[in-house]
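Residue strings, one per chain:
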Amino acid sequence: MSRKLLALLVAAFFVLSLATYVYYRRTLAAVPIDAYALVPDDAVLVLATHDHPALVQHLQEAGVWDNLTGVRYYQQVAGQLALADSLDNGGRPVVTPAGGRPRGLLGLLGKKLVLTSLHLTGRGQFDLLYQVPLETVREYRQARGFLETLARDPRYTLSTRTYEGYELDELTARTGGRLTVLNYRNHLLFSTNAVLVEAVVHRLGHLDAPTVHAGFGATDLLRLPDVDATVLVNFRRVPALLDVLFQPGTHAQLDQVLALAHDGLVGLKFSPGQLALSGFANPETAANSWQQYLRGQPAQALRPLADVLPLHAALVLAVAGQLPPTPPPAADSAARRPASYGPALDSLRASLVPGAALVYLTTPAPGVVPAQVLVARCRSVAATGRWLARLRRLGGSSPAFSRVGSYEVQAAGFEAAPLLGPLAAGVSVAGGPALCTALVGNYLIISDAISLKRYLGEVAAGQVWSSSAAQVALLQQTLPQARLTVLADVRQGWNALLGYLAEDRRAGLLRNESMLRHFPQVAWQLLPPDLAAEEGKPGSQYFAQLLLRRPGQGPSIDSAAASGAGTRFRTALVGRPLLLPALANAVEGSATGPVVITDSLGVLHLLPTGPAAQPWADSLPGPVVGLGPRLARGRLLLATAHNIHWLNPADGQQAPGFPLNLPDSVTVAYVAAGTSPRLVVATAHQDLLLFDTNGRRYPGWPRHLEAPLAGPPVLLTVGGRDVVVAALRNGYVYAFDQAGGRYPGFPVSAGAHLDGPLLATAGPTLARSVLRLVNQHGELVTLTLSGDITARRRVATWSRTATFRLVPEAGGRAGSFVVVRQDGGQLDVFSPGSVAPLLSRQFVTSGEKPVQWFDFGVTHQVLALTEPLPGQVWLFDGQGRPLGAGGPTPALAAWPSTGTGVGLRYDAARQRYQLLRLVRRELRRDEVRTE
């Protein structure tokens, strides 16, 4: 062959190659690829992101990133990526410059659409498929270099195979595991399961077929501001995914509830303490699905349920609308019932608002089946009660009933499923416990006797969602109305999760416990379009919302700082302000110390006075039942019904090991501390317990008392020994040592019944340590810890209708107190050394009037008298003269106050008192002149 001919052939080859490249670039490559078209149809979830650096930053700010990077699967993938980057960098780790673009393979993600899909790939197995577009030649080379770099490492081997005309690269680790990679038109698809990549190849043969995103058309939630990612969910495949995670038959009700929609698309937004995913869902079209029965029925409000949802509710499934009743079993056929039984059951159903809520209660241990309670709203409580009584008679049930608080528990006489449909299938179990009913407010409650009494016990005690700040805050973030609401509390449902999980998944749950508990509150809701649109457009979409919330996060105060006259809050304030001493690390300007208050939902707020300090709030698991007037060893000691909290007032963080979680059978009434590292807890069942600050209960405790406490117990340290002092209503005073034994000389009788606190002053010995108290005969009794009564003096005239109580100084000043006598509307206040009353007032109302005594020195003593019902407070000086002349209010005029007391400080430099009072949702501050 001549050289000219060879040159012509080479030239022709290059021209043909150039033409082919130009054709590819201008035709095939110019046509954009729908990334969702490359996702196999069997995807359960598809996560889409478009700004990887921003997503990581927001995950870090939300406190999720550290938990996510602790997951074993993430650590394995990140380790392989780091290894490849270091090998490609000469064995040195890749360092991302501050504020710069991430280097290495993570730099490929950048600001582009990246898809991650989850697929079920076998019995009890799921895997992930990743899709990353390569936008430049540099990125292509970098991705290719990743495989070649690992292939040079002796721990990996790289091979290539052809599958249905497409070339697949397989990177295999010698220790096990394989990564399969497909590059289709500069879209890199890879997975550790080759079946998923092969499924992409199958999908390439039908690119014109509908994609997993087809139900949402051109909807692109990533275009919305602040949306960091989207999640596409195929609800038809969610039950199969739950089968992988949970034991068979444990999630049937949840499967039915989630089947209202067949797929959904939601966008992820971050906010303080919360992840919100909102978007759309396409209604299920399958015959006999719940959607077909609920279609056209209006949505309902969720928040009224807060009054009847117990705090120990782990899962709530609330459905708005009537589901078809389930036929009774054959053994319960019409032949065994009177002819009027069916119409009576229909009438009972008609007396209820369509729809119901199924509540799963928390379990004491894994493996225990959670109790289920049905809650249905009544149109007319009276009509519902009449039909319940008729069904009991027709069903042959006993008319006897039992009581839990003010609620009556009666036999049902019917099964729940024929009344409320398939939502009640788990409650109506053939051969199971007989059902009982109770009416709570406007709601009918159905469950077995044991579960119902447990439920009613919590409701009767006021332990419901409406009393919990954390749960109310969650409800405030949910949709006002919905057709479907699923509420879950990971903390309450943890034992049930452990019991229901498949055995091979339980260890993984425990390893990732911190991540799951980071956002323990979960709410999923579906809101239908207006009824006209739903009837006119069979394909109309739901509005869908998923909330993942962390209680206690985010601002709970309407304004960040006080406004001079007061600070407003979102909910009503209760109790009285607690004024703390200045913190050890207080900044300049905060020498007066912070203020602690609580609201009606049990949220604890601290407002510092320094200009540079920030307020904080803590959502406690229930109302505060014990909040001492002083700091305990520099920390704020308080209690809720079953927990002891010890908070750092600077930032609200718990002390190590706190809170102390007491059993549900223990209800805290008081908690007290002294100068020693020990705590005294008094329960509502007349028990005393002694703990150290590590949560260890001392031997010899609890001590059961024969009568209720007259006031809070006192913990003293005398000569290095602990002394626990308790005054009982029956008039006896006890003193216990650290081992729970009684000190010699105790108990001591005060001579009459007691009511209110005692005043204790520790001395160097037991004989020189003094206790003062007032009995209901009006006698001021002084005794020592050696058991000797050293003084007894009648303070005021005794009568059968009068009550007496000792009021210690509000700030804990040793030895300073007053005695209050109240007889109906007449109230008298006595100082210890005088016969005549310091103050005498006649009131219209007869309820108890809280009295506070503030002692800032002999010439600066203040008496605060609160009348709760009208909501007002008066101030008097140490001589009984009213304060307020020349101040913000005239003499004898009262300040509005809706709390049970006030806070008071004295500014010696300015000769002014600062008054802090609660007026509904506001903390108000006033200056009062000393004269």
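Keep in mind it's a predicted model, so treat the numbers as computed, not measured.

Draft legend 1. The overall build of the protein, seen in detail. Secondary structure assignment for the protein yields 18 helices and 54 strands. Considering the protein as a whole, with its 931 residues, one finds that 49% of them fall into the buried category. Intrachain contacts of the protein at a sequence separation of at least 6 include 57% that bridge at least 24 residues.

Draft legend 2. Just the nonpolar core, in detail. In this structure, F414, L420, I446, W524 and L526 are the most contacted members of the largest nonpolar core, which totals 62 residues. Counting residues in hydrophobic clusters, the runner-up holds 35 residues, among them A318, A357, V375 and W465.

Draft legend 3. How the structure looks around unusual backbone geometry. Residue P659 follows F658 across a cis peptide bond; omega there is 5 degrees. The topology assignment puts P659 in the loop between β30 (643–647) and β31 (660–661). The omega angle of the peptide bond from W701 to P702 is 10 degrees, so this bond is cis rather than trans. Within the element layout of this structure, P702 appears in the loop between β34 (687–692) and β35 (703–704). One non-glycine residue, N288, adopts positive backbone phi at about 65 degrees. With respect to the helices and strands, the residue N288 is situated in the loop between β10 (274–283) and α9 (290–294).

Draft legend 4. The sheet that holds strand β27 (residues 616–619), seen in detail. An order of β24-β25-β26-β27 is seen for the four strands of this open sheet, with the pairing classed as antiparallel. A single partner strand is all that each edge strand has here, and the edge strands are β24 (573–579) and β27. Across this sheet, the average inter-strand angle for adjacent strands is 15 degrees, counted without regard to direction. Sheet analysis places β24 next to strand β25 (residues 595–599), joined by four bridges and oriented antiparallel. Within β25, the position partnered with V574 by the bridge is T598.

Draft legend 5. View of the packing of aromatic side chains. All told, the structure shown has eleven aromatic pairs when counted by the stated rule. On the basis of an interplanar angle of 75 degrees and a centroid distance of 5.9 Å, the ring pair of W701 and F736 is categorised as edge-to-face. Within this pair, whereas W701 is found in the loop between β34 and β35, its partner F736 is found in strand β38 (residues 732–736), the two being separated by 35 residues in sequence. Residue W701 is classed as buried on the basis of its relative accessible area, which comes to 5%. Residue F736 is classed as buried on the basis of its relative accessible area, which comes to 1%.

Draft legend 6. Layout of the environment of L265. Structurally, the position occupied by L265 is in strand β9 (residues 261–271). Separated by 16 residues in the primary sequence, L265 and A281 have C-alpha atoms spaced 6.2 Å apart. Once residues lying within four places of it in the same chain are set aside, the contact partners of L265 are H213, F216, T219, L221, T230, V231, L232, G279 and F280.

Draft legend 7. Quick look at helix α7 (residues 238–245). Restricting attention to buried positions, one finds in α7 the residues V238, L241, L242 and V244. Along the long axis of α7, the arc covered by the buried residues comes to 150 degrees, so they all point the same way.

Draft legend 8. Spotlight on the packing of helix α10 (residues 341–350) against helix α11 (residues 381–394). Interaxial distance between α10 and α11 falls to 9 Å at its minimum, and their mutual angle equals 155 degrees. By the angle between their directions, the pair α10 and α11 is classed as roughly antiparallel. Like other packed secondary-structure pairs, α10 and α11 cross with a definite hand, here left-handed. When α10 is examined against α11, the residues Y341, A344, L345, S347 and L348 are found in contact with a partner set consisting of T384, W387, L388, R390, L391 and L394. Its residues placed into classes, the contact of α10 with α11 shows eight nonpolar, two polar and one charged.

Draft legend 9. Molecular detail of the pattern of salt bridges. Counted under the stated rule, the structure contains 25 salt bridges. Here R144 makes a salt bridge to D169, at a shortest N to O gap of 2.6 Å. Of this pair, R144 sits in helix α5 (residues 137–152) while D169 sits in strand β5 (residues 166–173), and the two are 25 residues apart along the sequence. Classification of R144 by relative accessible area gives partly exposed; the value is 26%. Put simply, R161, E170, R178 and E198 are held in one network by salt bridges that share partners.

Draft legend 10. Quick look at the side chain of E458. By the secondary structure assignment, E458 is in helix α13 (residues 449–460). In this view, E458 contacts P310, L311, H312 and Q463; residues no more than four positions away in its chain are not counted.

Draft legend 11. How the structure looks around the pairing of strand β41 (residues 770–774). Where strand β40 (residues 759–761) lies against β41, three bridges are found, and the strand directions are antiparallel. Looking across to β41, one finds that T761 is bridged to V770. Where β41 and strand β42 (residues 779–784) come together, five bridges link them in antiparallel fashion. From the neighbouring strand, L773 faces β42, where its bridge partner is V781. The antiparallel pairing of β41 with β42 creates a hairpin that spans four residues between the two strands, and G778 there sits at a positive phi of about 80 degrees.

Draft legend 12. Spotlight on the side chain of T485. By secondary structure assignment, the location of T485 is in strand β20 (residues 484–489). Engagement of the side chain of T485 in a polar contact is seen with the side chain of Q525, the distance being 3.4 Å. Once residues within four sequence positions are removed from consideration, T485 is found in contact with L302, V316, L317, A318, W524 and Q525.

Draft legend 13. Main features of the sheet that holds β40. Spatial ordering of the open sheet is given by β40-β41-β42-β43, a layout of four strands whose pairing is antiparallel. Of all the strands in the sheet, just β40 and β43 (789–794) have a single pairing partner and so form its edges. Strand-to-strand twist in this sheet, taken as the mean axis angle between neighbours without regard to direction, amounts to 15 degrees.

Draft legend 14. Inspection of helix α6 (residues 194–204) at higher detail. Counting buried positions along α6 yields eight of eleven residues, so the element is predominantly enclosed. Looking at the buried positions of α6, the neighbouring elements they touch are β2 (114–122), β3 (125–133), β4 (156–163), β5, β6 (178–184) and β7 (187–191).

Draft legend 15. Quick peek at the confidence of the model for the protein. Chain-level statistics for the protein give a pLDDT mean of 81 and a share of 82% at 70 or above. Low pLDDT, under 50, characterises residues 584–591; the predicted model gives this stretch ten contacts beyond four residues in sequence or across chains.

Draft legend 16. Seen up close, empty space enclosed by the protein. Inspection of every chain in the model, using the stated rule, returns two cavities of 30 Å³ or more. Within this model, the largest cavity holds a volume of roughly 50 Å³. Forming the boundary of the largest cavity are V319, G321, Q322, L323, G355, A356, L420 and L423. There is about 40 Å³ of room inside the second largest cavity.

Draft legend 17. Representation of the environment of D755. Among the secondary structure elements, D755 is positioned in the loop between β39 (748–749) and β40. Counting along the chain gives 45 residues from D755 to A710, while the straight-line C-alpha distance between them is 4.7 Å. When neighbours within four sequence positions are excluded, D755 is seen to be in contact with A710, R729, Q776, F804 and R805.

Draft legend 18. Spatial organisation of the pairing of strand β17 (residues 435–440). Counting buried positions over the six residues of β17 gives five, a clear majority of the element. When strand β16 (residues 407–411) meets β17, the two strands line up antiparallel, connected through two bridges. Its bridge partner being in β17, A411 is matched across the sheet by C436. As paired elements, β17 and strand β18 (residues 443–448) share six bridges and run antiparallel to each other. Bridging across to β18, V440 finds its partner in Y443. Turn length for the β17-β18 hairpin, with the two strands adjacent in sequence and antiparallel, is two residues, and the turn residue G441 shows positive phi of about 60 degrees.

Rules used in this analysis
- Residues numbered from 1 in each chain as written.
- Predicted model: local features only at pLDDT ≥ 70, side-chain atom pairs only at ≥ 80, totals over all residues.
- Heavy atoms only, no water.
- Helix = DSSP H or I, 4+ residues; strand = E, 2+ residues; numbered from the N terminus.
- Buried < 20%, exposed > 50% of the residue type's maximum accessible area, 1.4 Å probe, protein only.
- Contact = heavy atoms within 4.5 Å.
- Core = buried A, V, L, I, M, F, W, Y, C linked by side-chain atoms within 4.5 Å.
- Pairing = 2+ DSSP bridges.
- Axes fitted to C-alpha atoms, helices over the stretch in contact; angles between N-to-C directions.
- Phe/Tyr/Trp six-rings, centres within 6.5 Å; stacked < 30°, edge-to-face > 60°.
- Arc of directions from axis to C-beta.
- Parallel < 35°, antiparallel > 145°, perpendicular 65-115°, else oblique.
- Left-handed = near helix turned anticlockwise from the far one by under 90°.
- Nonpolar A, V, L, I, M, F, W, Y, C, P; charged D, E, K, R; others polar.
- Salt bridge = Lys/Arg side-chain N within 4 Å of Asp/Glu carboxyl O.
- Polar contact = N/O pair within 3.5 Å; in protein donor to acceptor, adjacent residues only side chain to side chain.
- pLDDT = per-residue confidence, 0-100.
- 1 Å grid on protein atoms, 1.4 Å probe; cavity = no way out; pocket = protein on both sides within 12 Å on 5 of 7 lines; lining within 4 Å.
- Points joined across faces, edges and corners; volume = space filled by probe spheres on them.

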